[in-house]
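Observations on the model geometry
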Amino acid sequence: MMIRAITKQFLTVALSSLLVLQGAPVEAAAQEVAPAAYPGQGAPLSAADLQQLVAPIALYPDALVAQILGAATFPDQIVAAAGWLKNQYLTGAPLANLVNAQQWDPSVKALTQFPSVLNNLASNLSWTSALGEAYHNQPSDIMSAVQFLRAKAQAAGNLKSGSQITVVQQAPQVIVIQPTNPQVVYVPAYNPTVVYGTPYVTPGYSTAAVVTTAVVAFGVGIAIGAAMSNNGWGYSYWNCNWHGGTVVYHSSGYYGNSAWHGGYYGSSATAYGPNGVAKAGNAYNPSTGTYARGASTTTAYGTQKVGQAYNPNTGAYAATHQASNAYGSYGSSVVSKNGNTAYTQHQTTSAGSVGSVQTSAGGKGVAASGAYGNNAAAGQTANGNKYAAANGNVYKNTGSGWNQTQGTSHNTSSYSGANSAAARGYGGQEKSSGSSAFSGSGSGWQSRQESARGSASRGGGGGWGGRR
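So, how was this worked out
Residues numbered from 1 in each chain as written. Predicted model: local features only at pLDDT ≥ 70, side-chain atom pairs only at ≥ 80, totals over all residues. Heavy atoms only, no water. Pairing = 2+ DSSP bridges. Helix = DSSP H or I, 4+ residues; strand = E, 2+ residues; numbered from the N terminus. pLDDT = per-residue confidence, 0-100. Contact = heavy atoms within 4.5 Å. Axes fitted to C-alpha atoms, helices over the stretch in contact; angles between N-to-C directions. Buried < 20%, exposed > 50% of the residue type's maximum accessible area, 1.4 Å probe, protein only.

1. Quick notes on the pairing of strand β14 (residues 290–299)
In terms of strand pairing, strand β13 (residues 276–285) meets β14 through ten bridges, oriented antiparallel. Opposite V277, over in β14, you have T298 as the bridge partner. Looking at chain direction, β14 and strand β15 (residues 302–311) are connected through nine bridges and run antiparallel. Looking across to β15, one finds that A292 is bridged to A309. The turn joining β14 and β15, which pair antiparallel and follow one another in sequence, is formed by two residues.

Here is the structure:
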């Protein structure tokens, strides 16, 4: 849709301005210092709750567990990386070089070597977010939960060494899982409800490829040779410190996103330059599953703001583009859910105000108010019924011609009932104002693409799609 393209373009420009003005990438920093105390909201999760959270990944090799726990504190980056990866056709070192140029946390970059794992995290965002929150707030507890489940799977006879993984009882309370071939990593697949001997059901987690038996299965091995490790964030740089209770990255404790507060993740940046100010920000709300981002620029020529919000759990999407300058203000928005979409646009200038709405079901509406107080409006329902109003007079057309339903008849040709341009809702101009509620093509209804632009016409009338 055009509104999405325009919003994406403006966001790109705004974010690019930030990068140019600041001279450095904007990204959330990751902690290497352990939280002094429990920093989360509400009470810490119980051991049973944590075991449910880690059940889908507890039997993964140690380094992969480390990457997942770190990356889960960046759910917005996981979504971005998973979407980006689907459009890439390179593998090995060429892909790693492209990943290296992205502004993602090292843990997220590392998971691009394991597309199935990254996609699973992106497809189960509420679980991913809860996992990241639990690791950031209770790192040692969540590491203990992993070890508890490994011991249960081993006792049930479902965790054994083989050609894909080597299982070592390093200490009474520590079971280490490593690739049998150090150059090839196999991602295990298993059903958490049976593999541990006790059913574990993880809230907010589902997969279309759950193994139906308690046996741990494996997919195709993924090579992690030296070429994949030269970037500094590859598989070999990650591990788990089971005794210290933390993820290890480059031999140091790694606690994930330092901007994480009770699961509500957000970041923002502001940059000042000789031509104005640029701002950008993004946020994720795990309670609702909603992702949002926005940007704005302010220069001598005016202000522009854009925003987007999307909830993958409900399919709801919304975007807006608002602007103002010396000639007035204007904007457009789109909302979509369950296959139904509505587009709106508005403009206010010295000549008056005009606004319109159009839905994917076929409904339409437009209204205007002139500088001298005169007003007009017209609408059409999805079934084709038409309605119009002008200065207190109301008309309708349900298929048998126009009929006045309210107000007094006018003798002038501009308000002559069925023959009135305002009553028809197509074209027509208020003689006293010089502005039109239905300016443009004469039909009164611009195309959906033109309507979505919401562009100003630099002052005259209520025209849409003038200046781009």
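After that view, the rundown keeps rolling.
2. Examining the confidence of the model for the chain
Looking at the chain as a whole, the pLDDT averages 77, with 74% of positions reaching at least 70. Across residues 1–28, where pLDDT falls below 50, the model places 61 contacts with residues more than four positions away in sequence or in other chains. Taken as a whole, residues 410–468 scores under 50 in pLDDT and shows 146 contacts with residues more than four places along the chain or in a different chain.

3. Structural notes on the sheet that holds strand β8 (residues 238–241)
Judged by pairing direction, the sheet is antiparallel, and its three strands sit side by side in the order β8-β9-β10 without closing on themselves. Edge positions in the open sheet fall to β8 and β10 (252–254), since each of these has one partner strand only. Between one strand axis and the next, the sheet turns by 45° as a mean value, whatever way the strands run. By the bridge criterion, three bridges tie strand β9 (residues 246–249) to β10 in an arrangement that is antiparallel. Residue V247 lies in a different strand from β10, and its bridge partner there is Y254.

4. Notes on unusual backbone geometry
Even without a glycine there, the phi angle at H250 is positive, about 55°. Mapped onto the elements of the fold, H250 is located in the loop between β9 and β10. For H250, a relative accessible area of 40% puts it in the partly exposed group. We note that S251 has phi near 70°; this positive angle belongs to a residue other than glycine. With respect to the element layout, S251 can be found in the loop between β9 and β10.

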